[in-house]
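Structural overview for review
Read off the chains here:
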Amino acid sequence: MIKNFVEELTWRGMIQDSMPGTEEHLMEAMRLAYVGIDPTADSLHIGHLVGVMGLKHFQLSGHKPVALVGGATGMIGDPSGKSAERNLLNEETLLHNQNAIKEQLSRFLDFDSDAENAAIIVNNYDWMKQFSFLEFIRDVGKHITVNYMMAKDSVKKRLSSESSVGMSFTEFTYQLVQGYDFLHLYRDKNCTLQMGGSDQWGNITTGTELIRRVDSGKGYALTWPLITKADGTKFGKTEGGNIWLDAERTSPYKFYQYWLNTSDADAEKYIKIFTFLTRAEIEGLIEQHKEAPHLRVLQKRLAEEITTMVHSKEDLDNAIKASSILFGKSTSDDLKQLNEQTFLDVFDGVPQTEIAKNDIENGLDIIAALAEKGGFLKSNGEARRALKENSISVNKEKVKDDYKITSKDLINNKFVLLQRGKKNYFVLRV
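You'll find the protein entered in an unreviewed UniProt entry as Tyrosine--tRNA ligase, with Gelatiniphilus marinus given as the organism. As its UniProt record puts it under Catalytic activity (unreviewed entry), the protein is described as follows: "tRNA(Tyr) + L-tyrosine + ATP = L-tyrosyl-tRNA(Tyr) + AMP + diphosphate + H(+)". The heading Sequence similarities (unreviewed entry) in the UniProt record of the protein holds the text "Belongs to the class-I aminoacyl-tRNA synthetase family. TyrS type 1 subfamily."

Shown next as structure tokens:
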């Protein structure tokens, strides 16, 4: 059963440009479409998610998605939107990255079922590695004029007076290599559509042009808008770098927080792009949000949907629990359930000091922990006053001036959380 893919992406705000006739072509029969993914790391980051969602919607519409891992193009580097060349990767690294990426993609796409439209993953290195340079310039290069290649935005930008680095021949030929991928998949798999970010339009249409000139065939192109944030800062980036889909690189807690902290305008846009909620569900959430913006209904639902999809329901529950530790009523048991990475993420930026292990094993007097040993408070006198006011907690539980910190207070065998009042935190690290 074929559903209208273009219509679905249109209301979600996921179409920037498409070639005339694309919608009709997709309504006629099951089609194959591909999205290229750069294997420069062994994890996707959230900048890749739009493409992954595009492929998933394509599969849900009854079509067959193809994920192309650019083993060959990853060795060259795509000039689109880049102001400088990138480092080139060796074969072993590329293979490792491809396997890791497939693992992540299988959380979204069905690769394994017997369905006719089960997804496939291909690597352009497999067909490019046999190609000699002479064959390539004879069989591919002669079909596309330099004038045609020079007219592309990605080339124009890099050759303009604004760019100090110019453009190497390697990068100049990138669009031919990507164009040939489309021609190859058109011949080998009858793949008739390439999709990608709007900065890829030039490269994609080079592919449709090759299909037309070399095989007298018809290829189609569809791009989505590049995701931006309302405040003009870069989507998917924080001060600490990319937001990755790999839990080792970006903890589920940090991942959840990223989406939770989106602005109202962005949340309304992102919930359409990054979830599979229906139009009616999303419109209902937007209405609810407008009535009581302070409840952040949209942000919460967005963060919940996407954290569950990329990680798991259990990771989401842990992230919600961890989030409530700073602001809600949590207990020392809640704290002790946090793994080390999440604990460090939650208390990122909280002052820390090192304490000797035997101090804790012998029982560390609370006044010493607060003042001379820990340095959370300036003096023993201040520590005593704070304890009298009943404003000191160890691991979220109020303590008196005779309290001793021992090994049983350790979180992950190495942290103790001190707190004065509601907002002042301090971490002892053993």
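When you line up the elements, Gln419 lands in strand β14 (residues 415-420). Residue classification places Gln419 among the buried positions, given a relative accessible area of 7%. At 3.3 Å, the side chain of Gln419 forms a polar contact with the backbone oxygen of Gly421. Polar contacts involving the side chain of Gln419 include one to the main-chain carbonyl oxygen of Lys422, which spans 3.3 Å.

Let us now look at the nonpolar core. Ile46, Leu49, Leu105, Met195, Trp259 and Phe274 are the most contacted members of the largest nonpolar core, which totals 58 residues. Of all the elements, helix α16 (residues 297-310) adds the most residues to this core, at 7 residues. Non-local contacts of Leu49, meaning those with residues more than four positions away in its chain, are made with Phe108, Leu245, Trp259, Phe274 and Ile306.

Mapped onto the present numbering, the UniProt feature "binding site: ATP" (unreviewed entry) falls on Lys237. By relative accessible area, Lys237 is classed as partly exposed at 35%. In this structure Lys237 touches Asn242 and Tyr258, once residues within four positions along its chain are discounted.

Axis angle and axis distance: for two packed helices, these are the angle between their axes and the distance between the axes, and together they describe the pair. Between helix α15 (residues 279-291) and α16, the least distance of the axes is 8 Å, while the angle of their chain directions is 140 degrees. The pairing of α15 with α16 is recorded here as oblique in orientation. Taking contact as the criterion, the partners of Glu281, Leu285, Ile286, Gln288 and His289 in α15 are, on α16, Val297, Leu298, Gln299 and Arg301. Here the contact of α15 with α16 is built from residues that sort into 4 nonpolar, 3 polar and 2 charged.

Taking the numbering used here, the UniProt-annotated feature "domain: Tyrosine--tRNA ligase SYY-like C-terminal" (unreviewed entry) corresponds to residues 345-427. Segment residues 345-427 splits into 25% helix and 27% strand. End C-alpha atoms: 13 Å apart.

Okay, the sheet that holds strand β5 (residues 193-197) next. What the 6 strands build is an open sheet, ordered β1-β6-β5-β2-β3-β4; its pairing is mixed. This sheet does not close on itself; its edge strands, each paired only once, are β1 (17-18) and β4 (120-123). Contacting β2 (32-37), β3 (64-69), β5 and β6 (220-224), helix α3 (residues 49-60) runs over the sheet at an angle of about 155 degrees to β3.

Side chains of Phe133, Leu134, Ile137 and Phe169 sit close together on the surface and give an oily, nonpolar patch of about 460 Å² of accessible area. Counting residues per element, the nonpolar patch draws most heavily on helix α7 (residues 133-139), which supplies 3 residues. Positionally, Phe133 belongs in helix α7. Its relative accessible area of 53% is what places Phe133 among the exposed residues.

For the rest of this paragraph, the subject is the packing of helix α14 (residues 264-273) against α16. The interhelical angle for the contact between α14 and α16, taken along N-to-C directions, is 45 degrees, at an axis separation of 9 Å. Judged by the inter-axis angle, α14 sits oblique to α16. The two elements α14 and α16 meet at a crossing, and its hand is left-handed. Packed against α14, whose contacting residues are Asp264, Ala267, Glu268, Tyr270 and Ile271, the element α16 presents Leu298, Gln299, Arg301 and Leu302 at the interface. Here the residues of the contact of α14 with α16 are counted per class, giving 5 nonpolar, 1 polar and 3 charged.

Across all of its chains, the model carries 16 salt bridges by this definition. The residue Arg279 makes a salt bridge to Glu283 at a minimum N-O spacing of 3.3 Å. With Arg279 and Glu283 both in helix α15, this residue pair falls 4 residues apart, about one helical turn. Residue Arg279 is classed as partly exposed on the basis of its relative accessible area of 45%. Under the relative-accessibility criterion, Glu283 is labelled partly exposed at 44%. If you follow the salt bridges from partner to partner, you end up with Glu209, Arg212 and Arg213 in one network.

Rules used in this analysis
- Per-chain numbering applies: the sequence of each chain, read as written, is numbered from 1 onward.
- Totals for whole chains, interfaces and linings use all residues, but because this is a predicted model, local features are given only for residues with pLDDT of at least 70 and pairs of side-chain atoms are given and counted only at 80 or more.
- The side-chain quantities take in all heavy atoms of the structure and omit both hydrogens and water.
- UniProt positions are given in the numbering used here, feature names are shortened, and annotations may be inferred rather than shown by experiment.
- Helix and strand definitions follow DSSP, with helices as H or I runs of at least four residues and strands as E runs of at least two, each counted in order from the N terminus.
- Between buried and exposed lies partly exposed: a residue is buried under 20% and exposed over 50% of the maximum accessible area for its type, with that area taken using a 1.4 Å probe on protein chains only.
- Any N or O atom pair separated by 3.5 Å or less is treated as a polar contact, with the protein-specific requirement of one donor-capable and one acceptor-capable atom, and with residues adjacent in sequence counted only for side-chain atom pairs.
- The term nonpolar core refers to a set of buried residues drawn from Ala, Val, Leu, Ile, Met, Phe, Trp, Tyr and Cys, joined through side-chain atoms within 4.5 Å.
- Residue contacts follow a heavy-atom distance rule, with two residues in contact if any of their heavy atoms lie within 4.5 Å.
- Note on definitions: angles span 0 to 180 degrees between N-to-C directions of axes, and those axes are lines fitted to C-alpha atoms, for helices only across the stretch in contact.
- Should an angle fall under 35 degrees it is taken as roughly parallel, and over 145 as roughly antiparallel, whereas 65 to 115 is taken as roughly perpendicular and any remaining angle as oblique.
- Three classes are used, and their members are as follows: Ala, Val, Leu, Ile, Met, Phe, Trp, Tyr, Cys and Pro are nonpolar, Asp, Glu, Lys and Arg are charged, and the others, Gly among them, are polar.
- Any two strands are treated as partners once DSSP identifies two or more bridges connecting them.
- In this analysis, a patch consists of residues with relative accessible area above 30% that form no salt bridge, clustered at 9 Å for like charges and at 5 Å for the nonpolar side chains Val, Leu, Ile, Met, Phe, Trp and Tyr.
- All accessible areas in this document rest on Shrake-Rupley with a 1.4 Å probe, and a residue is counted as covered only by the protein chains that are shown.
- Salt-bridge detection follows one rule: a side-chain nitrogen of Lys or Arg within 4 Å of a carboxyl oxygen of Asp or Glu.
- For a crossing to be left-handed, the near helix must be turned anticlockwise from the far one by less than a right angle; the clockwise case is right-handed.

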